[in-house]
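Structural overview for review
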Amino acid sequence: MTKCYRDGGDTVRALDGIGLYVEDGGTLVLQGPPGGGKSTLLRILAGLERPTRGSVELDGTDLATVTESRLARIRAESIGLLGPDAGLTPGRTARQNVAGALVPLRLHPADRWELAGDALEEVGLSGHMDFLPGELDDHARRRTALARALVKRPTALLADRPTAGLPAADRADFTELLARLWSERRLTCVIATEDDALARRAPRRATLSRGTVTAAGSGDPQGDGADRPAPWCASRSAR
Ligand SMILES: Nc1ncnc2c1ncn2[C@@H]1O[C@H](COP(=O)(O)OP(=O)(O)OP(=O)(O)O)[C@@H](O)[C@H]1O
C-alpha cells in the first residue's frame, strides 16, 4: 500500500509499498523515526484517509474502496481510536464521555449507560465515573479515553503514542493495562509508540522509516526475533 501527499509542487511518499498483516487478536507495535509514516498508517487503518494505491482490508472489507457512508459506519462500530491526548469533552463526566461513543450504535440509553460503567470499571475507574475530565489526572483521563475506545467492543484498537507525556510510573501502569487487554481479551491492536518499554511487551513490532518497513520481528524482552524477516510483513525494502 502506498500513500502520497502533494506538498506544494512535490510529492511526499508517506508510505511506500508496505504490506502488513495483523491477525485477529494480534498486536503490532510500530516504531521508527519522526516522519517515518506511523501516523499516516494509523489514519489509513482507521478509515480517516484512503491510500493512493493498494488496499486496506478489515475483516474482508477493503477500506480503500468502500463508500463514504459505509466507511463512517465501520469507523463508528469497528474501530477504537486512542490518541496521545485524551480528547475528552470537558463538560461531560467520564461516564458520559464513554457512553457518547455508543450513540452511533443506536443502543438504548440505559444500555449505553451500563456498558460505559462496565468499560470504566475494566480500566480501573469505577470510583471516578462521575468526575469531569478536569477533575481527573492525565493518567485517569487516558484510561477514560481507553474505555471510550473499547466500550463498543471494536474489531481493532488503533493507538497513536498512547503513553506519550505520562510520568514513568503511570506509563508503566498504562502499559500493563494495554498488555492485559491484548493478552486476556485478545484485542486486535496496532500501536505507534516511541516508548521502548511498551514496544518490548508487544508480540510483534515493525519499524517504519521513510514509508517502508525496515525491520520487523517479535517484541519479546530479549529482542529475540527482532530485525529478522517476518512472514506477516512485506515491504519494498524487505523484498
Ligand atoms: N497531510 C499531509 N500533507 C503532506 N505531507 C504529509 C501529510 N501528512 C504526513 N505527511 C508527511 O508524510 C510523512 C510521514 O508522516 P507521519 O506523520 O505519518 O510520520 P510519523 O512516523 O507518524 O512521524 P511523527 O512521529 O513525527 O508523527 C512525513 O514526511 C510527513 O511530513
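Overview of the structure. Please read these numbers as outputs of a predicted model, since none were measured by experiment.

What follows is about the site of the ligand. In the vicinity of the ligand, the residues found are Tyr 5, Val 12, Ala 14, Pro 33, Pro 34, Gly 35, Gly 36, Gly 37, Lys 38, Ser 39, Thr 40 and Arg 43. One of the backbone N or O atoms of Gly 36 is found 3.0 Å from an oxygen atom in the ligand. Gly 37 places a polar main-chain atom, nitrogen or oxygen, 2.9 Å from an oxygen atom of the ligand. When the ligand is considered free in solution it has 620 Å² of accessible area, and contact with the protein chains removes 63% of it. Within the residue set of the shell around the ligand, elements represented by two or more residues are strand E2 (10-16) and helix H1 (38-45). The element that contributes the greatest number of residues to the shell around the ligand is H1, accounting for four residues. Along the lines of polarity and charge, the residues of the shell around the ligand split into five nonpolar, five polar and two charged.

Here we come to unusual backbone geometry. One can expect most non-glycine residues to show negative phi and most peptide bonds to be in trans. We note that Arg 161 has phi near 45 degrees; this positive angle belongs to a residue other than glycine. Following the sequence through the fold, Arg 161 ends up in the loop between strand E8 (156-160) and helix H6 (168-184). We classify Arg 161 as partly exposed; its relative accessible area is 32%.

Definitions and cut-offs
Residues numbered from 1 in each chain as written. Predicted model: local features only at pLDDT ≥ 70, side-chain atom pairs only at ≥ 80, totals over all residues. Heavy atoms only, no water. Near = heavy atom within 4 Å. Polar contact = N/O pair within 3.5 Å; in protein donor to acceptor, adjacent residues only side chain to side chain. Areas by Shrake-Rupley, 256 points an atom, 1.4 Å probe, with all protein chains shown as cover. Helix = DSSP H or I, 4+ residues; strand = E, 2+ residues; numbered from the N terminus. Nonpolar A, V, L, I, M, F, W, Y, C, P; charged D, E, K, R; others polar. Buried < 20%, exposed > 50% of the residue type's maximum accessible area, 1.4 Å probe, protein only.

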